[in-house]
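Remarks on the overall topology
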Amino acid sequence: MKALSIITASICLAAAVACSSQETGTQEEGNAVIENIMSRRSIRKYKPEAVARETMQTILECGINAPNGMNKQSWEVRVIDDPAVMEEIISLMCAGNPEVEPGAVKGCFRGAPTMIFIANDPSYDCSPIDCGLLSENIMLSGWSLGVGSVCLGSPIRFLNKSKEAITRLGFSEGYTPIICIGMGYPDEAPEAKPRDFSKVRFVE
Ligand SMILES: Cc1cc2nc3c(=O)[nH]c(=O)nc-3n(C[C@H](O)[C@H](O)[C@H](O)COP(=O)(O)O)c2cc1C
């Protein structure tokens, strides 16, 4: 209930900020949502403590409130914030990828103390999009609460070669891991990477 009221309060705040900026004619200045989107960066250095469970509850509620095809919610989400469980998963992944250096398997998680594993339903063609939107909601809501994140594709290559690791994560039959998100309290403040707006055009 508390998590929901925090979400509701945040949404009201964002809406109020958006409305007030529309009244004054400026859309960007002081707009909390735009500032949050534009200031987010991938974080690859974290403080050791995991994200508080109460905060994660709010972040995950935001995640599953993402738009998704036909409201099928074609995702499954698993969260690990216990280093011992994470070590177990890494060991199983190493066993499934004997040709890969164990350090490379561990390193692909970027040292994030809270790890989110997201699986998609390959029988639904929009499922990867659903999972992407879920991920973005997770990362942006996290950032608005002072939680850094990094989207991680590389663990998936190792994970999908380890049936034991997927079983330990407890995904349902038919669900396939598609992306991980590392989260934690940032211990770095990286510069923004450049974006190429020429890829975007109005069609006249
Ligand atoms: C689908 C996807 C996969 C990614 N995989 C990795 C990864 O395996 N390791 C990593 O360090 N960063 C990964 N990233 C983060 C990107 O490198 C990062 O978002 C990009 O360089 C832009 O930087 P920014 O997030 O700070 O704006 C991934 C991002 C996405 C969206």
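Residues numbered from 1 in each chain as written. Predicted model: local features only at pLDDT ≥ 70, side-chain atom pairs only at ≥ 80, totals over all residues. Heavy atoms only, no water.

1. What about a nonpolar patch on the surface?
Together, Val33, Ile34, Ile37 and Met38 give the surface a local cluster of nonpolar side chains, amounting to about 340 Å² of exposed area. For Met38, a relative accessible area of 60% translates into the label exposed. (Patch = residues over 30% accessible without salt bridge, like charges linked within 9 Å, V, L, I, M, F, W, Y side chains within 5 Å. Areas by Shrake-Rupley, 256 points an atom, 1.4 Å probe, with all protein chains shown as cover. Salt bridge = Lys/Arg side-chain N within 4 Å of Asp/Glu carboxyl O. Buried < 20%, exposed > 50% of the residue type's maximum accessible area, 1.4 Å probe, protein only.)

2. So, the sheet that holds strand E2 (residues 114–120)
Within the open sheet, the four strands sit side by side as E1-E2-E4-E3. Their pairing is antiparallel. The sheet is open, and its two edges are formed by strand E1 (75–80) and strand E3 (148–152), each paired on a single side. Looking at each pair of strands side by side, their axes are set apart by 20 degrees on average, direction ignored. The pairing of E2 with strand E4 (residues 176–184) spans seven bridges and is antiparallel. Bridging from a neighbouring strand, Met115 pairs with Gly182 of E4. Against the sheet, helix H3 (residues 53–64) makes contact with E1, E2 and E4, and its axis sits at roughly 165 degrees relative to E1, the strand it touches most. (Pairing = 2+ DSSP bridges. Helix = DSSP H or I, 4+ residues; strand = E, 2+ residues; numbered from the N terminus. Axes fitted to C-alpha atoms, helices over the stretch in contact; angles between N-to-C directions. Contact = heavy atoms within 4.5 Å.)

3. Notes on the environment of Val79
Note that Val79 resides in strand E1. Spatially, the C-alpha atom of Val79 lies 9.7 Å from that of Cys180, the residues being 101 residues apart in sequence. If near-sequence neighbours (up to four positions away) are discounted, Val79 is found in contact with Met56, Leu60, Thr114, Met115 and Ile116.

4. Description of the nonpolar core
Core analysis: the biggest nonpolar cluster contains 26 residues, and Met93, Phe109, Met115, Phe117 and Leu159 have the highest contact counts within it. Contributions of two or more residues to this core are made by helix H4 (83–96), E2, E3, helix H7 (154–159) and helix H8 (163–169). Top element by residues in this core is H4. It accounts for five residues. Grouped together as the second largest cluster of nonpolar side chains are 14 residues, Trp75, Ile118, Val147 and Ile179 included. (Core = buried A, V, L, I, M, F, W, Y, C linked by side-chain atoms within 4.5 Å.)

5. Quick word on the site of the ligand
The ligand sits among 13 residues. The nearest are Ser42, Arg44, Arg110, Gly153 and Ser154. In the model, a nitrogen atom of the ligand is placed 2.9 Å from a nitrogen or oxygen of the Gly153 main chain. Here an oxygen atom of the ligand and a side-chain polar atom of Lys193 are 3.0 Å apart. Summarising the interface, the protein chains cover 65% of the accessible area of the ligand, which totals 620 Å² for the free molecule. Ranked by residue count, the leading element in the shell around the ligand is E3, at three residues. Of the residues that constitute the shell around the ligand, the class distribution is four nonpolar, three polar and six charged. (Near = heavy atom within 4 Å. Polar contact = N/O pair within 3.5 Å; in protein donor to acceptor, adjacent residues only side chain to side chain. Nonpolar A, V, L, I, M, F, W, Y, C, P; charged D, E, K, R; others polar.)

6. Looking at unusual backbone geometry
Even without being a glycine, Gln73 presents a positive backbone phi close to 50 degrees. Judged by its relative accessible area of 34%, Gln73 falls in the partly exposed class. You will see that Arg110, though not glycine, has its phi angle at about 60 degrees, which is positive. In this fold, Arg110 is placed in the loop between helix H5 (102–107) and E2.

7. Some words on the pattern of salt bridges
Scanning the entire structure with this criterion turns up five salt bridges. Ionic pairing is found between Lys106 and Glu87, a salt bridge with its closest N-O pair at 2.8 Å. Of this pair, Lys106 sits in helix H5 while Glu87 sits in helix H4, and the two are 19 residues apart along the sequence. For Glu87, a relative accessible area of 36% corresponds to the partly exposed category. The residue Glu88 makes a salt bridge to Arg168 at a minimum N-O spacing of 2.6 Å. Within this pair, whereas Glu88 is found in helix H4, its partner Arg168 is found in helix H8, the two being separated by 80 residues in sequence.

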